[in-house]
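A structural walkthrough
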Amino acid sequence: MSIRTLDDLLAEGVSGRRVLVRADLNVPLDKQTGAITDDGRIRAVLPTLGALVEAGAKVVVCSHLGRPKGAPDPQFSLGPVAGRLGELLGAPVHFATDTVGDSARATVADLADGQVALLENLRFNAGETSKDEAERGAFADQLAAFGDAYVDDAFGAVHRKHASVFDVPARLPHVAGRLVLREVEVLSKLTGDPERPYVVVLGGSKVSDKLAVIEALLPTVDRLLIGGGMCFTFLKAQGLEVGTSLLEKDMVETCRNLLERSGGKIMLPVDVVVADAFAPDAAHDTVRVDGIPSHRLGLDVGPETVAGFSAALSQAKTIFWNGPMGVFEMPAFAAGTRGIAEAITKADAFSVVGGGDSAAAVRALGLDESSFGHISTGGGASLEYLEGKTLPGIAALEN
């Protein structure tokens, strides 16, 4: 794989040149106040933006936020992100109130050397996500007009065949930003020849979301630890009662086959925290997995499971973790995720947190981010990379 990097672009000189940066600023917002609740993705792009600003580029940043339906929607505006980005950069960020319209053209035209502009949410334009090549290409033409060069630093979006990710690089000199480069370097370690034992922890709600990565990883890992809502479909495959826990009935046979083929690599919970309802104040207690009452649902893994998983992690030299062990957003059901995260930090291993809810959990639980080897910014992208899929955004950067 041959990809030009930000350093290559900087070596050519960017002073006075317009550089279009595709960032992943898809941050969570408080539904009531609209305030940013986790600015991790904004911070992740600062090394690339800071280097371009210092080199005197006119930096035009574009991103998506949420899933608007191809038209402006105030609840998904990047306005709050522009404010926070300006605070972190220590200089105002000029915000365009549209993607490629009058405001965007005027905002970009007014940029001085070393200044930063942010375009409004790319998904306010139907061309960004269109499956029609011509419609997507037309939008890419308009975006490309804002840059003399293109930098992709949105690893969380490289698995999408979207205009700003896939089509714009074909129209401009293009390089990988520092974040994208780091993500590819780290994940290639996991797909190459990882130091062993190699232990993977998978959580989250659905087996169907993780099936492809389980299939891809089973031949290469030494242990695969499964928690979160997805564990109940595996427990059902063992013939156990799972009560009203999350269950994908159409995946039970698939899980049974995976268990049979795994050669004992798959570890499942031995105890779980069950509750009367999916609510933060619901009555709850811990039971063995062969004693889940028919009227209750599992919302976290139990302490014996944490101990067993932690023992496996303590032996590891390489760890990949994707997906929480329970409903960590509710304090009563956060102990499993916290316990596994802490076990990962204590292991003498190269550890990768696979983005998405796992990265959010690290920050929400107040854990030290620097105690992990790498925290990915792309949940879906990191999983697809490990599956061995071609990622459109990475392919578009290759020479």
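Look up a bit, the structure's there.
Owing to the predicted nature of the structure, the values given are computational and were not obtained by experimental measurement.

1. Description of the packing of helix 9 (residues 207-217) against helix 11 (residues 252-261)
Packing of helix 9 against helix 11 brings their axes to within 12 Å, and their N-to-C directions diverge by 25°. Classified by the angle their axes make, helix 9 and helix 11 are roughly parallel. As for how helix 9 packs across helix 11, the hand of that crossing is left-handed. Residue-level contacts link V207, L211, I214 and E215 of helix 9 to T254, C255, L258 and R261 of helix 11.

2. Points about the environment of R105
With respect to the helices, strands and loops of the structure, R105 is situated in helix 5 (residues 102-109). With near-sequence residues (within four places) excluded, R105 lies in contact with V100 and F146. In terms of polar contacts, R105 uses its side chain to reach the side chain of D102, at 2.5 Å.

3. Examining the side chain of K210
Mapped onto the elements of the fold, K210 is located in helix 9. Despite its burial, K210 pairs with no opposite charge; the closest candidate is D209, at 6.7 Å N-O. Every residue in contact with K210, bar those within four places of it in the chain, is listed here: G203, G204, M230, N322, G323 and L383.

4. Comments concerning helix 13 (residues 335-346)
Over its 12 residues, helix 13 runs 16 Å from end to end, which matches the ideal 16 Å to within 8%, given 1.5 Å per residue. Those residues of helix 13 not exposed but buried are G336, T337, G339, I340, A341, A343 and I344. Residues of helix 13 that are buried sit in contact with strand 7 (198-202), strand 12 (297-301), helix 12 (303-314), strand 13 (318-322), strand 14 (350-353) and helix 14 (356-364).

5. Describing the sheet that holds strand 15 (residues 374-375)
What links the strands of a sheet is backbone hydrogen bonding, and the strands pair in either a parallel or an antiparallel sense. In space, the six strands of this open sheet follow the order 9-8-7-13-14-15, with parallel pairing throughout. Two strands in the sheet have a free side with no partner beyond their single neighbour: strand 9 (266-267) and strand 15. Sheet topology places strand 14 next to strand 15; two bridges connect them, and they run parallel. Looking at the pairing, V353 lines up with I375 of strand 15. The strands that helix 12 touches are strand 7, strand 8 (223-226), strand 9 and strand 13; relative to strand 8, the one it contacts most, it runs at about 150°.

Conventions used here
- Residues numbered from 1 in each chain as written.
- Predicted model: local features only at pLDDT ≥ 70, side-chain atom pairs only at ≥ 80, totals over all residues.
- Heavy atoms only, no water.
- Axes fitted to C-alpha atoms, helices over the stretch in contact; angles between N-to-C directions.
- Helix = DSSP H or I, 4+ residues; strand = E, 2+ residues; numbered from the N terminus.
- Parallel < 35°, antiparallel > 145°, perpendicular 65-115°, else oblique.
- Left-handed = near helix turned anticlockwise from the far one by under 90°.
- Contact = heavy atoms within 4.5 Å.
- Polar contact = N/O pair within 3.5 Å; in protein donor to acceptor, adjacent residues only side chain to side chain.
- Buried < 20%, exposed > 50% of the residue type's maximum accessible area, 1.4 Å probe, protein only.
- Lys, Arg positive; Asp, Glu negative; His and termini not counted.
- Salt bridge = Lys/Arg side-chain N within 4 Å of Asp/Glu carboxyl O.
- Expected span 1.5 Å × (residues − 1).
- Pairing = 2+ DSSP bridges.

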